[in-house]
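# Descriptive analysis of the structure
Here's the letter readout for the chains.
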Amino acid sequence: MTDTFNAIVVEKVDGKPVASLKKIGLADIADEDVLVEVAYSTINYKDGLAVSGAAPICQVTPLIGGIDLAGTVIESRDPAFKPGDRVLVNGYGLSERFHGGYSQKQRLKGEWLVRVPDGMSLEECMAVGTAGYTSMLCVQALQDGGVTPDSGPVLVTGAAGGVGSIAVSLLAGLGYEVHASTGRVDEAGQFLRDLGASALVPRDQLARDCKPLEKETWAGVIDTVGNQTLATAIAQTRYEGTVAACGLAGGMALPTSVMPFILRGVTLRGVDSVMASLPRRQRAWDALAAHLDREQLKSIYEVVPLSAVPDLARDIIAGAVRGRVVVDVNA
Ligand SMILES: NC(=O)c1ccc[n+]([C@@H]2O[C@H](COP(=O)([O-])OP(=O)(O)OC[C@H]3O[C@@H](n4cnc5c(N)ncnc54)[C@H](OP(=O)(O)O)[C@@H]3O)[C@@H](O)[C@H]2O)c1
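This section reports on the structure supplied with the text. (Residues numbered from 1 in each chain as written. Predicted model: local features only at pLDDT ≥ 70, side-chain atom pairs only at ≥ 80, totals over all residues. Heavy atoms only, no water.)

## Some points on the state of the cysteines
Two cysteines joined by a covalent bond between their sulfur atoms form a disulfide. This model, assessed by the stated rule, comprises zero disulfides. Unpaired in this structure, C210 has its nearest cysteine sulfur neighbour in C246, at a distance of 19 Å. (Disulfide = S-S within 2.5 Å.)

Right under this line is the structure:
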């Protein structure tokens with residue numbers, strides 16, 4: 001085992017978070033039960049916020065960034081895991097309070113670890129990452145709310161982003177009629193159609209002041225944007241439809257009224273991936289293994305080295321990343 005290894009470490013410089021590639025050792029990571037040789041991590045919107053310093057995601061510093069990782073157990077004091085086990089972690093405070101996945105090695109609590117589903121590679125797991133696992137949590141929120149492919153069209157907002165693009169692919173694969181809302185109709189329109197979107201909704205049609213109730217259109221909504229986009233989507237949701245809200249790419253406000261809820265019985269279902277229970281996680285990952293189109297997944301992501309993370313963090317916050325990014329921590 002080499003003495004030192006690479007990691008992206010977020011430190012405070014003049015009171016501001018700054019991320020850089022460093023050489024660290026095992027003494028620099030926490031003394032948790034399971035030592036994992038990390039193969040891949042990824043870049044989610046939240047990683048962009050943490051690594052670019054755009055928001056104070058890292059609550060303690062110095063801290064290794066990366067809210068996701070996939071790798072192989074090297075050593076374990078937790079009897080539930082043994083060397084060679086393939087594991088992944090999403091959230092659980094990685095890159096917030098605990099060292100994260102932008103590291104060639106990491107020590108983790110056994111209770112954070114999800115077993116990689118049979119047939120999925122570590123690279124595929126991180127192509128899915130928190131973004132795709134959240135997409136599946138959103139899909140399951142719609143299914144649990146009774147939204148079926150026969151219920152009517154489903155809207156996905158922020159569709160060309162990580163959560164959005166995998167949500168489009170999953171829903172289309174499950175037989176839903178998917179309408180994809182994007183600010184990049186020209187650039188990303190074909191990409192979204194290839195993923196299975198049957199119609200495109202320009203962002204401006206939703207990111208505007210809306211009436212308390214608008215024409216009933218959507219049987220279900222997966223919203224990654226928030227703010228006026230979410231408010232308009234709610235106002236357009238059909239009687240007893242379900243809206244799964246997971247993101248704030250357009251802002252954290254929600255300028256809506258009670259009307260869709262009390263006159264149309266609309267359900268607004270919040271989706272949190274970070275502290276979701278292990279059974280909920282395993283259900284989502286098992287469904288991803290069963291339903292995700294692997295060939296389509298390949299068209300959604302690119303693989304980059306660890307050193308590319310700081311630049312890509314800025315890009316994802318600027319809305320300039322399409323689909324998913326896998327970080328090969330050993331490249
Ligand atoms: N609740 C959870 O547990 C959880 C988990 C993962 C992610 N999230 C949240 O979900 C959101 C999406 O995450 P992501 O990883 O998919 O990020 P992402 O890849 O950056 O995608 C976000 C997408 O939102 C759209 N967008 C960006 N800025 C916008 C604006 N000002 N107004 C309207 N639309 C805008 C863009 O889509 P178009 O180009 O198609 O318009 C962008 O691609 C983020 O807010 C993230 O924090 C939450």
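## So, the sheet that holds strand 13 (residues 237-245)
In space, the six strands of this open sheet follow the order 11-10-9-12-13-14, with parallel pairing throughout. This sheet does not close on itself; its edge strands, each paired only once, are strand 11 (197-202) and strand 14 (267-270). Adjacent strand axes in the sheet meet at a mean angle of 20°, parallel and antiparallel pairs treated alike. Seen against the sheet, helix 5 (residues 227-235) touches strand 9 (154-156), strand 12 (218-223), strand 13 and strand 14 and runs at an angle of roughly 155° to strand 13. (Pairing = 2+ DSSP bridges. Helix = DSSP H or I, 4+ residues; strand = E, 2+ residues; numbered from the N terminus. Axes fitted to C-alpha atoms, helices over the stretch in contact; angles between N-to-C directions. Contact = heavy atoms within 4.5 Å.)

## Considerations on the packing of helix 3 (residues 162-173) against helix 4 (residues 185-195)
Close contact between helix 3 and helix 4 brings their axes to 8 Å; oriented N to C, the two are set at 35°. Taken together, the residues of helix 4 that come into contact with helix 3 (itself represented by S165, V168, S169 and A172) are F191, L192 and L195.

## Digging into the sheet that holds strand 1 (residues 4-13)
Whenever strands of a sheet pair, they do so through backbone hydrogen bonds, lying parallel or antiparallel. Strand order across the open sheet formed by three strands is 2-1-4, with antiparallel pairing between neighbours. Looking at strand neighbours, the two that pair on one side only are strand 2 (16-25) and strand 4 (63-64), the edges of this open sheet. Relative to strand 4, strand 1 runs antiparallel, the two being bridged by two bridges. Opposite V10, over in strand 4, you have L63 as the bridge partner.

## As for unusual backbone geometry
Most peptide bonds adopt trans geometry, and most residues besides glycine take a negative phi value. Cis geometry marks the peptide bond from T61 to P62; its omega dihedral reads -5°. Along the chain, P62 turns up in the loop between helix 1 (45-52) and strand 4. Even without being glycine, E240 reaches a positive phi, approximately 60°. Turning to its location among the elements, E240 is positioned in strand 13. By relative accessible area, which is 54% here, E240 ends up exposed. (Buried < 20%, exposed > 50% of the residue type's maximum accessible area, 1.4 Å probe, protein only.)

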